Amino acid sequence: ARQSTREEIEQLLCDRLVESSSYQLACTAEVDRASEELTVRAAAVTTEYLDDIRIPADDSETTLGPGGRAAQTGETPVIRGLQSSSEVEPWKDVAEKHGLESLVVVPIEYDGTLYGIFAVYADREDAFTGEELAVIEDLGEIVGHTVQSLERKRLLMTDEVVRIDLRLQRA
């Protein structure tokens, strides 16, 4: 919460998760409206997995994957056994190449506004259950609340003025 920008907050989230040694990769992403793809905003990795994947946000097969589903529905998909899951078919070989076994994708949202998603990968198949999953899901709301607070602060501190003229007519 001491970070002053969204970028710093998201990078801190990723760094801390990967520093824990329980996870091999953590990244945040948002839907880029121009390209209709999920665009990585911040990442911390012990592997080059992110260099090997592409995740369009349109109606393609990859949109139906965990990242696209989290962005579109607000759900938190958990995939255990990445090499055997049909939900990650386009990325199975890449996950195997990098030794990744489990994935959770959490919406970064607060008060009905989706700011993006964050994904966390582990090299163990039993990851993201019970309390571990609950804590990671809470992080999505905490980061979402923090991003919303930063947005409000930015809007309050701006020098821009918006003028609205209203004309009412009697019927």
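Throughout what follows, the structure given in this document is the object of discussion.

Summarising the element assignment, Val88 is placed in the loop between strand 3 (78-80) and helix 3 (92-97). A relative accessible area of 5% means that Val88 is categorised as buried. A sequence separation of 23 residues divides Val88 from Gly65, and the C-alpha atoms of the two residues are 5.9 Å apart. Once residues within four sequence positions are removed from consideration, Val88 is found in contact with Pro66, Ile79, Leu82 and Leu103.

Moving on to the nonpolar core. If you look at the biggest cluster of nonpolar residues, it comprises 23 residues, and the most contacted ones within it are Leu17, Tyr23, Val104, Phe118, Val120, Phe128 and Ile136. Every element with two or more residues in this core is listed here: helix 1 (6-19), strand 2 (37-45), strand 4 (102-110), strand 5 (113-122) and helix 4 (130-157). Membership of the second largest hydrophobic core comes to 19 residues, among which are Leu25, Cys27, Leu38 and Val88.

Right, let's get into the packing of aromatic side chains. Taken as a whole and assessed by the stated rule, the structure comprises one aromatic pair. Their ring planes at 10° and their centres at 5.6 Å tell us that Tyr23 and Phe128 sit as a pair that is stacked. Separated by 105 residues along the polypeptide, Tyr23 in the loop between helix 1 and strand 1 (25-32) and Phe128 in the loop between strand 5 and helix 4 bring together distant segments of the chain. Of the two residues, Tyr23 and Phe128, both sit in the buried class.

Procedures and definitions
- Residues numbered from 1 in each chain as written.
- Predicted model: local features only at pLDDT ≥ 70, side-chain atom pairs only at ≥ 80, totals over all residues.
- Heavy atoms only, no water.
- Helix = DSSP H or I, 4+ residues; strand = E, 2+ residues; numbered from the N terminus.
- Buried < 20%, exposed > 50% of the residue type's maximum accessible area, 1.4 Å probe, protein only.
- Contact = heavy atoms within 4.5 Å.
- Core = buried A, V, L, I, M, F, W, Y, C linked by side-chain atoms within 4.5 Å.
- Phe/Tyr/Trp six-rings, centres within 6.5 Å; stacked < 30°, edge-to-face > 60°.

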